[in-house]
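This is what each chain is made of:
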Amino acid sequence: MLSGLRSFVGLGGSAPAAADTPNGAWQIQAPLASPLASPKRTSEHSTFRSRCSERNISDDAQAHPVKLVVFDLDETLTLVSYMVEENDTPEVVRELVKVNFETPWVDGSRIAKLQDMFEDMKVGKDGERRLLAILSRNSNGAEAVLRLLQAADLASAFCVIWTMPCRQAVPNGAFQSSGGTWTCFRPPLTRVHDHKADVLHAVSCNPATWFPQAAADKAFSNLSLSVENIVLVDDQRANFQSPYSGRQVCRYCKVARYDATYRSFGMVKNMGGIGARSAADYETLVMFVDNPSSCKETLELRCVQRNVRASSRKHPVKLVVFDFDETLTLATFFPEDDVFGERLDWDPVVLEEGSWSRDDLLRYNFESPYVVGSRIQKLQSLLAALAKDESGQSRPLAVLTRNESGAVSVLNLLRMANLDRYFSAIWTLPYSLTRPTGVFQVRGEWRAFEAPVCEVADHKANVLRHIVEHPLKWFPQLAMEDLIQSYSGLLSMTPESVVLVDDERASFQNNSESPAELMRFCKVARYDDIYRNCGPLNQMGGIGAHSDTDYEHLLAFVQSPWRYSQDVDAVVDIEDFAVVPTNLQRESLEEEGKKVLRVRRPKSLSNPELYSSPRGSALKRVSSSPSASPLWQCADPGQISQGLAEFDLVGLEGTFAPHDRF
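Only a predicted model underlies this, so the values are computations on that prediction, with no experimental measurement involved. The numbers attached to residues start from 1 for each chain and follow its sequence in the written order. Only residues with pLDDT of 70 or above have their local features reported here, since the model is predicted, and side-chain atom pairs are shown and tallied only from 80 upward, although totals for entire chains, interfaces and linings are computed over all residues. Excluded from the side-chain calculation are hydrogens and water; included are all heavy atoms of the structure.

Novice: Lay out the pattern of salt bridges with the relevant residues and their values.
Specialist: Here a salt bridge means any side-chain nitrogen of Lys or Arg lying within 4 Å of a carboxyl oxygen belonging to Asp or Glu. Counted under the stated rule, the structure contains 24 salt bridges. The closest approach of N and O atoms between Lys122 and Glu119, which form a salt bridge, is 3.4 Å. Note that Glu517 is salt-bridged to Arg306, the shortest N-O span being 3.8 Å. Here Arg306 lies in strand S12 (residues 302-306) and Glu517 lies in strand S20 (residues 516-517), a separation of 211 residues in the sequence. Assessed through its relative accessible area of 21%, Glu517 is described here as partly exposed. Each residue is placed in one exposure class: buried if its accessible area under a 1.4 Å probe, protein chains only, is under 20% of its type's maximum, exposed if it is over 50%, and partly exposed if it falls in between. Owing to a relative accessible area of 13%, Arg306 belongs among the buried residues under this scheme. A run of DSSP states H or I qualifies as a helix once it reaches four residues; a run of E qualifies as a strand once it reaches two. Both are numbered from the N-terminal end.

Listed below in structure tokens is the structure:
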């Protein structure tokens, strides 16, 4: 689907404008005096580098060489995609090639570097031929993709092009014969789920149906593939695991995404491109294809201090703000209790009559099946350490999350895990008439209030900037004389004083009409997996879900963020260009597909561990203003939603909608 439409700007156009750690709890050791406490970075542009990974490979399969490298087109081979039409003039085609493929951030011709990389990839270390292919969700079809690649003199490197989804109006496949001639065909896309991971598994099972050259070319007719022989190079993390079947791409390269002021187009979101921001991408990818086992997948938190003025580089952190969904939780599940999101005095005892137990909610939301030990205890130790600065003074912690169930629901889930005591406030976006948007803690007692989310743009970067400028509006404790000493540091905050911990890259910078960016942040790793009894879930996360080093790095970063400096500005103004038509539209996708609904499997007599419990829908608050009572009154209890109907996760369709050019 189109994430946005941008027109070219023609000639003369201008760019648009803590408490003590419980006994026996996991302890954090952060050797801050050592420079090794900061992760090593080989390039100041490391945030823009492609990342290669091998995952879930058995010892026997590690010896399988890479025989097929499959590239996405949009924002992987291109920086942005504007398609070439058959009637475009040579002058227009040249400009389109430049816009699609050439980068203004790295010296030299990017097209020439791509050509060299393809040549290096075509032959493996054992001297065997290696195939290159295109698998793209560009809905203009294979002919349009081929036309763009031919215009850039890149098509000859590939043996086949497949496009998704299957469309009757345009060919979805094109293959190159040994003589260099391209012929269109229809690959068997209708026989597999509409997802790249499923397609690549189908290719590995029956390559002859996907490579028509097999009928005449002996090199293809003898082609034998397993999924371990395939590398997918893509800018969309969601393409590496199917939400339908759970199939994974075992070897992949994730191309960096970024927002930037690009040529004459103004701010362009979700750009990409191999080597667009770092020349190291080409060598990294060739080395990975030759030796994929050298890049084992790691799912660790990453911390960054960026664009901080020299005079502010060592300003202390005075406030740490956490996202909730897929940051504090691995995936979020709420019980089907009508008042779970309404009452501040909600009692988990009521769960005894429902399909969720207290232990179920703690296990599914917070405990990780990927590491040893209690993740809840590790979070408690981390939060206790973060709640005190180096001098022993209090450092407030807060939660800022985009959760329509409201602040009370988030609080009640944290309370069950004994995590609420470390936080001073919880705020939820967006504003809702049916949910409280804020709660704050006073000496162990939680109280509701209306956080001023309506006074600021609906983006976390803007909200945090507003908190820095107006702390009294977000922390009611500052109006209480007996508490002001504990929160006095909030009154002298600067933008560098705040750290946001979040699994959403988009939360760190707002490039809309209300621009804002965060100086210090931690990006929690995201991943897709078959989770417990839920089947395939996408966009999972969680601090420490896969690595205990997350806790150490986060604590070290909050105490010494300047050790993680990256003075790289993603917004670079580049010269305008001309001679382009004004009626072209960018081909693009949203950065991520929608989250698969968090649902447990139905209860089975043969497997008592399976339950029937979908995630509850948001409960509606009828009163339009907050009440001093713990109960958010509902005028008509019958109006409260009773939950979402269950459905089969594997049968989900339409998660990844096609993008059309108008």
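Continuing now.
Novice: I'd like a description of the side chain of Ser204, backed by residues and values.
Specialist: Relative to the helices and strands, Ser204 is located in helix H4 (residues 196-205). Residue classification places Ser204 among the buried positions, given a relative accessible area of 9%. Contacts described as polar in this section are N or O atom pairs within 3.5 Å, which, within protein, must combine one atom able to donate a hydrogen with one able to accept it, while residues neighboring in sequence count only if both atoms come from side chains. Within the local environment of Ser204, its side chain forms a polar contact with the backbone oxygen of His201, the two atoms lying 2.7 Å apart. In this structure, Ser204 is in contact with Leu225, Ser226, Val227 and Ile230, ignoring residues within four places of it in sequence. Contact criterion: two residues are considered in contact whenever any of their non-hydrogen atoms come within 4.5 Å of each other.

Novice: For the sheet that holds strand S2 (residues 68-71), give the residues involved together with the corresponding values.
Specialist: Whether two strands pair depends on DSSP finding at least two bridges between them. Ordered in space as S1-S9-S8-S2-S4-S5-S6-S7, the eight strands form an open sheet in which the pairing is mixed. The sheet terminates laterally at strand S1 (51-54) and strand S7 (182-185), the two strands that pair on one side only. Between one strand axis and the next, the sheet turns by 20° as a mean value, whatever way the strands run. In this analysis, axes come from line fits to C-alpha atoms, helices being fitted only over the stretch in contact, and the angle between any two N-to-C directions falls in the range 0 to 180 degrees. Sitting on the sheet, helix H3 (residues 142-151) touches strand S4 (131-136), strand S5 (160-163), strand S6 (173-176) and S7, and the angle it makes with S5 is about 130°.

Novice: Quick one: what's the story with the nonpolar core, residue by residue and with numbers?
Specialist: By nonpolar core we mean a set of buried residues, namely Ala, Val, Leu, Ile, Met, Phe, Trp, Tyr and Cys, connected to one another through side-chain atoms within 4.5 Å. Formed by 64 residues in total, the largest nonpolar core has its most connected members in Phe322, Leu414, Val501, Ile543 and Leu554. Top contributing element to this core by residue count: helix H9 (residues 407-416), with seven residues. Apart from the residues lying within four places of it in its own chain, the contact partners of Ile543 are Leu301, Phe322, Thr327, Leu328, Arg375, Leu379, Leu382, Val501, Val524, Asp550, Tyr551 and Leu554. Within the second largest apolar cluster, 58 residues are counted, among which are Val99, Phe158, Trp182 and Tyr258.

Novice: How would you explain the confidence of the model for the chain if you had to name every residue and give the values?
Specialist: Considering every residue of the chain, the mean pLDDT works out to 79; 77% of them sit at 70 or more. Per-residue confidence from the predictor is reported as pLDDT, a score between 0 and 100. Counting contacts from residues 1-46, a segment whose pLDDT is below 50, to residues more than four positions away or on other chains yields 110 contacts. Every residue in residues 602-662 scores below 50 in pLDDT, and together they form 154 contacts with partners more than four places removed in sequence or on other chains.

Novice: With reference to specific residues and values, describe the pairing of strand S17 (residues 445-449).
Specialist: Two strands pair when backbone bridges link them, and strand S16 (residues 438-442) and S17 are joined in this way by five bridges, in the antiparallel orientation. Bridging across to S17, Val439 finds its partner in Ala448. Between the end of S16 and the start of S17, which pair antiparallel, lie two residues, with Arg443 showing a positive phi angle near 50°.

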